[in-house]
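Listed below, chain by chain, are the residues.
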Amino acid sequence: MAKLKINGKTVEVDVDAETPLLWVLREQLRLTGTKYACGIGACGACTVHIDGQAVRSCLMPVSAVGPDQAVVTIEGLSPDHSHPLQQAWEQLDVPQCGYCQPGMIMSAAALLSQKPNPSDADIDANVTNICRCGTYNRVRRGIHLAAEINKRGRAHE
Amino acid sequence: MSKKRVNVSRREFLIHSTTIGAGFALGMYIPLTGKTALAAEQTVTAEVPEVNAWVVIKPDDTVVIRIARSEMGQGTLTGLAQLVAEELECDWSKVTTEYPTPGQSLARERVWGSFSTGGSQGIRGSHAYVRKGGAVARQMLIEAAADAWGVDMEQCRAANSVITHVPSGRTTTYGKVAVDAADLIPPLEVELKDPKEWKLIGKPVKRLDTVDKLTGKQVFGADLQLPGMLNAAIKACPVFGGKLKSFDAAKVRTMPGVRTVVAVEDNAVAVVAETWWQANTALNALPVKWDTGPNAAVSSQTIAKMLDEGLGAKEASIGNEAGDAKKALKEAVKTVEATYAYPYQNHATMEPMNATALWTKERCEVWCPTQNGEAALQATAEAAGLSASRCEVYKIHLGGGFGRRGAFHDYVKQAVAIAKQVPGIPVKLLWSREEDMQHGHYHPITKARLVGGLDQNGDLVGMQVRISGQSILASVNPNWMSNGVDMFVFQGLMAEGDHAISYSVPNLSIDHAMRNPHVPPGFWRGVNINQNAIYMESFIDELAHAAGKDPLEFRQKLMSDNPKGRAVLDAVAEKAGWGKSAPEGVHRGLAVCKAFASYVAACAEVSVDGNGKLKMHRIVAATDPGYAVNPQQIEAQVEGSFVFGLSALLYGECTVAAGGVEQQNFDTYASMLIADMPKVEVIVMPSGGFWGGIGEPTIAVAAPAVLNAIFAATGKRIREFPLKNNDLRAV
């Protein structure tokens, strides 16, 4: 029995200790926004946050996640798709098929929380998710726009 | 006075047509919470009568537009809705969409036309009848309002979902008259708007399917959950054409969650378990013996030999011929010869192949991502051993298609074959990435030898092109060939039509020596233009340099019969600053092509450093698709085409050893990342009068523009791909 803190809620799951977090999220907790695409940490479709860090959940055994570590999935990024990245993505029509986008957004969100105003080089270094449809240029614009939305939000506070 | 239906009421028919889906109730368990997901993925709306097959209007004025083609990221869903809504004159902010099912299509004699979503056909192949669908519905709504008011419908106008009786100024809304409109006999003839009157077509409206993709709510096939559902993982013989010999189920039967281990068709084995992770873990522990057969002796080297032989073979099928190429080359002052080779490539959709099936002796239902619902239904019926009328397919959102999920429903057949062995229980089959990489229907492998002849002025007087290699049609559908010739092999090189060659070469011979290795080929986004445009556009560049001419001027001179092609080429050259100095170390390359009826061109700017590291800085691209339905989505597709085409150029290669594909995952079959991505400037220049495709054409020019820029930067002409195998350091 593993105890986890997912999107602010504590849950208990009865799974083999080796089961990757990805599959616990998808199959035990029905949080299917986190995607399987490679299973070897190469593509980033399964990216979630653990204590604010972007982590590829397909390589993370559930036993390695502590009961007090905050796991955030795309479903928990914001209650009403109001995260600046979600706003920016909507404004720019970023997704195409959309399958890689939860992971893409989670990678970008971790970057933004560490670097509120990332440069193109920061984006290149930190957003290494694969998108086969080819949304990269809108993803880049989306991250810059989200940074601006953030800034405007802070200015209003 | 309006004509009411007298025989079968439309409402009765609708009820009948929705109840054919006995599993509809099951479908309701799909965990769809978002509005668009519900609209797009539920079966046809039942509670309100349709105005016609394309349009349902609810009392609250919500407009439900039915979409038969599949949305897989390319924006077709939104574009098709724009076409219907343009003629319907409805309020765009009230528009939602839904997919009719293939079973409903069957029951209603294909009222929605083709479901096939490939060949960049989504919009160009259905614009006329979907616009008509919208126009007919509009007329019926106006007629219903006029009837209610007792006025002549000629005195009524519709705009923005509101009908106005012009003389009196009375108004009503679509939602109020839709039920009455549904009972009217549709007009046989309606006039479509002149393109000059379009208000919504041509507007860069937002996609209808974005929000749920930002929150994790969008349900893809791989995400589907049905009550009581089991999960299956599969392994097919790693050698194409090989068979399953035996497996030792006892070794894994007691592993956690495992329910059963089953043979699938004659070449695969699957583990069925409570969760997919359990199924896949057990599958990896399962001892399996294969009968690999004679193909186990095939490797990339033996395939290359086979193609090399074809390059010099006497027998070949002519694809395009003019004048006397042989004579012209003999008389030429200078000849240039080059041989190019293009590898196998996997579609590598981000969402691996999957399908969920529920089989009983009486009925079979499948939930799957598919580019062709009708073909998925046929595959279901075939595998289920039932008539199609006893089967149904529910299309679930695709995590990428790229051609993999259109002509091939191997994953559907497998899911049904597994479901047959656990009757009455829904089973979701999901391929691992490794299975997906090794059991694709690959971009076909070809080589080309090109010979060009120049006269004393450096003008091109003759060209021979010999293509040697694989035919997709010979493998997929030999019925589409004529006299054993696959004309599709000549895509981008044909004498005329949607894939016509860009240049007028006075003496020309292009032929194909078909050589079909055992690796299954498939339609891969762009299909045969991918390699043919590389061959032609690189070689034209070679000829220009051999002639000592500017590559732009050399091309222009050969394009006097191709004004639209010339226009897109000129547009990119001008915007990129061709002929003007580029930033220090940056070099330019051009490419132009006609593909899927659209004219496309690109100018790439690259630099190559002393270590041979390529940097793609900027690409200017132009597209003339005739009519541009949604310019911002066209821009997205053009940008995406560069990612797809340049990923293929940089990294895309499946090699063959012992009869199977060597690559297993994204670590050995890489894709471009955001860091590799150049700036893309898109010129959308619709010239009107025709309908060209969008999703694929630009892929044709992506690679050759970059290759020609690499030559400009380094003096190196790359003729074998992908680039990762080449040393790009300057000569």
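Residues numbered from 1 in each chain as written. Chains lettered and ligands numbered in written order. Predicted model: local features only at pLDDT ≥ 70, side-chain atom pairs only at ≥ 80, totals over all residues. Heavy atoms only, no water.

Describing the overall build of chain A
Broken down by element type, chain A carries five helices and five strands. Taken over C-alpha atoms, the radius of gyration comes to 15 Å for chain A, in line with the 15 Å a tight globule of 157 residues would show. A principal-axis box enclosing the C-alpha atoms of chain A has dimensions of 45 × 35 × 25 Å. Among the 157 residues that make up chain A, the fraction classed as buried is 57%. Looking at chain A alone, contacts between residues at least 24 apart form 58% of all its contacts between residues at least 6 apart. Carbon and sulfur atoms make up 48% of the accessible area of chain A, which amounts to about 6,000 Å² in all. (Helix = DSSP H or I, 4+ residues; strand = E, 2+ residues; numbered from the N terminus. Rg over C-alpha atoms; globule rule 2.2 N^0.38 Å. Buried < 20%, exposed > 50% of the residue type's maximum accessible area, 1.4 Å probe, protein only. Contact = heavy atoms within 4.5 Å. Areas by Shrake-Rupley, 256 points an atom, 1.4 Å probe, with all protein chains shown as cover.)

Some remarks on the environment of Gln91(A)
Among the structural elements, Gln91(A) can be located in helix 2 (residues 84-92). As for Gln91(A) and Tyr136(A), which are separated by 45 residues in sequence, their C-alpha atoms are 15 Å apart. Among residues more than four places away in sequence, those in contact with Gln91(A) are Leu145(A), Ile149(A) and Lys206(B).

Some points on the side chain of Thr34(A)
Locating Thr34(A) in the fold gives a position in the loop between helix 1 (21-28) and strand 3 (47-50). Ignoring anything within four residues of it in the chain, the contact list for Thr34(A) reads Leu22(A), Leu25(A), Arg26(A), Ala45(A), Cys46(A), Val48(A), Ser57(A), Thr73(A), Ile74(A) and Glu75(A).

A short note on the sheet that holds strand 22 (residues 587-595) of chain B
Residues and elements named next belong to chain B. A sheet is described by the order of its strands in space; here four strands give the open sequence 22-23-24-27, paired in mixed fashion. Bordering the open sheet on either side are strand 22 and strand 27 (679-684), each of which pairs with just one other strand. Adjacent strand axes in the sheet meet at a mean angle of 15° when their direction is disregarded. The pairing of strand 22 with strand 23 (residues 598-608) spans nine bridges and is classified as antiparallel. Across the sheet, the residue bridging to Cys593 is Val600, located in strand 23. Packed onto the sheet, helix 17 (residues 563-576) meets strand 22, strand 23, strand 24 (614-624) and strand 27 and runs at close to 140° relative to strand 24. (Pairing = 2+ DSSP bridges. Axes fitted to C-alpha atoms, helices over the stretch in contact; angles between N-to-C directions.)

Regarding the nonpolar core
All names here are of chain B. Counting residues in hydrophobic clusters, the biggest one holds 174 residues, and the most contacted among them are Met463, Phe642 and Val706. Sort the elements by how many residues they give to this core and helix 19 (residues 699-714) lands first, with ten residues. Excluding anything up to four places from it in sequence, Val706 contacts Ala604, Val606, Leu614, Met616, Ile619, Leu646 and Leu649. In this structure, Ala68, Ala81, Trp112 and Val629 belong to the second largest nonpolar core, which totals 50 residues. (Core = buried A, V, L, I, M, F, W, Y, C linked by side-chain atoms within 4.5 Å.)

Side note on the pattern of salt bridges
Side chains bearing opposite charge may pair, as long as their charged atoms lie close to each other. All names here are of chain B. Tallying each qualifying case throughout the model produces 46 salt bridges over all chains. The partner of Lys327 in a salt bridge is Glu331, with the nearest N and O atoms 3.8 Å apart. Note that Lys327 and Glu331 are positioned in helix 10 (residues 325-331) at a spacing of four residues, about one turn of the helix. Residue Glu331 is classed as exposed on the basis of its relative accessible area of 56%. A salt bridge links Glu382 to Lys413; the nearest nitrogen and oxygen atoms lie 3.4 Å apart. Placement of the pair is Glu382 in helix 11 (residues 373-384) and Lys413 in helix 12 (residues 410-419), with a sequence separation of 31 residues. Of the residues examined, Glu382 reaches a relative accessible area of 59% and is grouped as exposed. (Salt bridge = Lys/Arg side-chain N within 4 Å of Asp/Glu carboxyl O.)

A short note on the packing of aromatic side chains
Two descriptors summarise a pair of aromatic rings, namely the distance from one centre to the other and the angle between the planes of the rings. Under the counting rule described, the total for this entry stands at 17 aromatic pairs over all chains. A ring pair is formed by Phe402(B) and Phe644(B), whose centres lie 4.6 Å apart and whose planes are at 40°; its orientation type is tilted. With Phe402(B) in the loop between strand 17 (391-395) and helix 12 and Phe644(B) in helix 18 (residues 631-650), the pair connects residues that are 242 residues apart, well separated along the chain. Ring geometry for Tyr627(B) and Trp691(B): centres 4.9 Å apart, planes at 50°, overall tilted. On the criterion of sequence distance, the pair formed by Tyr627(B) in the loop between strand 24 and helix 18 and Trp691(B) in the loop between strand 27 and helix 19 is long-range, its members being 64 residues apart. By relative accessible area, which is 15% here, Trp691(B) ends up buried. Cluster of aromatic residues (ring-pair linked, three or more members): Trp23(A), Tyr36(A) and Trp276(B). When the ring centre of Tyr340(B) is taken as reference, the NZ or CZ atom of Arg719(B) above it lies at 5.9 Å. (Phe/Tyr/Trp six-rings, centres within 6.5 Å; stacked < 30°, edge-to-face > 60°. Lys NZ or Arg CZ within 6 Å of the ring centre and 35° of its normal.)

Structural notes on the interface of chain B and chain A
On the side of chain A, 49 residues touch chain B, which itself brings 61 residues to the contact. When chain B packs against chain A, close to 4,500 Å² is buried across both sides, 58% of that on carbon and sulfur atoms. When the area that chain B buries against chain A is broken down by residue, the three leading residues are Leu214(B), Met350(B) and Ile674(B), summing to 19%. Remark: the boundary between chain B and chain A carries two salt bridges. (Buried area = accessible area lost by both parts, 1.4 Å probe.)

Brief notes about the pairing of strand 5 (residues 156-159) of chain B
Residues and elements named next belong to chain B. Only one face of strand 5 is buried: it carries Cys156 and Ala158, and the other face, with Arg157 and Ala159, is open. Sheet topology note: the strand 5/strand 6 (residues 162-165) ladder contains four bridges and is antiparallel. Paired with Ala159 across the two strands is Val162, which belongs to strand 6.

Things to note about the domain arrangement of chain A
Residues and elements named next belong to chain A. On domain assignment, one finds that chain A holds domain 1 (2-76) and domain 2 (84-156). A separation of 21 Å is found between the C-alpha centroids of domain 1 and domain 2. Contacts between the two partners involve 18 residues from domain 1, matched on the other side by 14 residues from domain 2. A buried area of about 1,200 Å², summed over both sides, lies between domain 1 and domain 2, and 57% of it is on carbon and sulfur atoms. Considering only the surface of domain 1 that becomes buried against domain 2, Lys35, His49 and Ile74 emerge as the three largest contributors, covering 37% of it. Scanning the region where domain 1 abuts domain 2 turns up zero salt bridges. (Domains from an automatic or database assignment.)

A word on the domain arrangement of chain B
All names here are of chain B. Domain parsing of chain B yields domain 1 (10-206), domain 2 (221-291 + 353-430) and domain 3 (300-345 + 442-725). The C-alpha centroid of domain 3 is placed 40 Å from the C-alpha centroid of domain 1. Of the roughly 1,400 Å² buried at the junction of domain 1 and domain 3 (both faces included), carbon and sulfur atoms supply 59%. For the pair domain 1 and domain 3, the number of links is one salt bridge. A salt bridge links Asp498 to Arg124, with the nearest nitrogen and oxygen atoms 2.9 Å apart. The tally of links between domain 1 and domain 3 comes to ten residue pairs in polar contact (both at pLDDT 80 or more). (Polar contact = N/O pair within 3.5 Å; in protein donor to acceptor, adjacent residues only side chain to side chain.)

Brief notes about helix 8 (residues 276-285) of chain B
Burial in helix 8 of chain B covers these residues: Trp276(B), Ala279(B), Asn280(B), Ala282(B) and Leu283(B). Seen from one end, helix 8 of chain B has its buried residues packed into an arc of 165°, which puts them on one side. Buried residues belonging to helix 8 of chain B abut helix 1 of chain A together with strand 8 (230-236), strand 10 (258-264), strand 11 (268-273) and strand 18 (427-430) of chain B. (Arc of directions from axis to C-beta.)

Some thoughts on the sheet that holds strand 2 (residues 55-57) of chain B
Residue and element names in this part refer to chain B. The strand order across the open sheet built from four strands is 1-2-3-4, with neighbouring strands paired in mixed fashion. In this open sheet, the two strands that pair with only one neighbour each are strand 1 (50-52) and strand 4 (95-98). Direction aside, the axes of adjacent strands within the sheet are offset by 30° on average. As paired elements, strand 2 and strand 3 (residues 63-66) share three bridges and run antiparallel to each other. Its bridge partner being in strand 3, Val55 is matched across the sheet by Ile65.

Here we look at the environment of Lys245(B)
All names here are of chain B. Note that Lys245 resides in strand 9 (residues 243-247). Assessed through its relative accessible area of 58%, Lys245 is described here as exposed. Sequence-wise, Lys245 and Ala297 are 52 residues apart; in three dimensions their C-alpha atoms are separated by 18 Å. Residues contacting Lys245, with those up to four places away along its chain left out, are Lys289, Trp290 and Asp291.

Side note on the pairing of strand 22 of chain B
Extensive coverage of strand 22 of chain B is indicated by the burial of eight of its nine residues. Hairpin connection, strand 22 of chain B to strand 23 of chain B: the antiparallel pair is bridged by two residues, and Phe596(B) has positive phi, about 50°.

A closer look at the environment of Pro625(B)
All names here are of chain B. With respect to the helices, strands and loops of the structure, Pro625 is situated in the loop between strand 24 and helix 18. Exposure remark for Pro625: the relative accessible area of 0% places this residue in the buried category. Separated by 95 residues in sequence, Pro625 and Glu720 place their C-alpha atoms 31 Å apart. Not counting chain neighbours up to four residues away, the residues in contact with Pro625 comprise Ser598, Ile634, Pro686, Phe690, Trp691, Gly692, Gly693 and Ile694.

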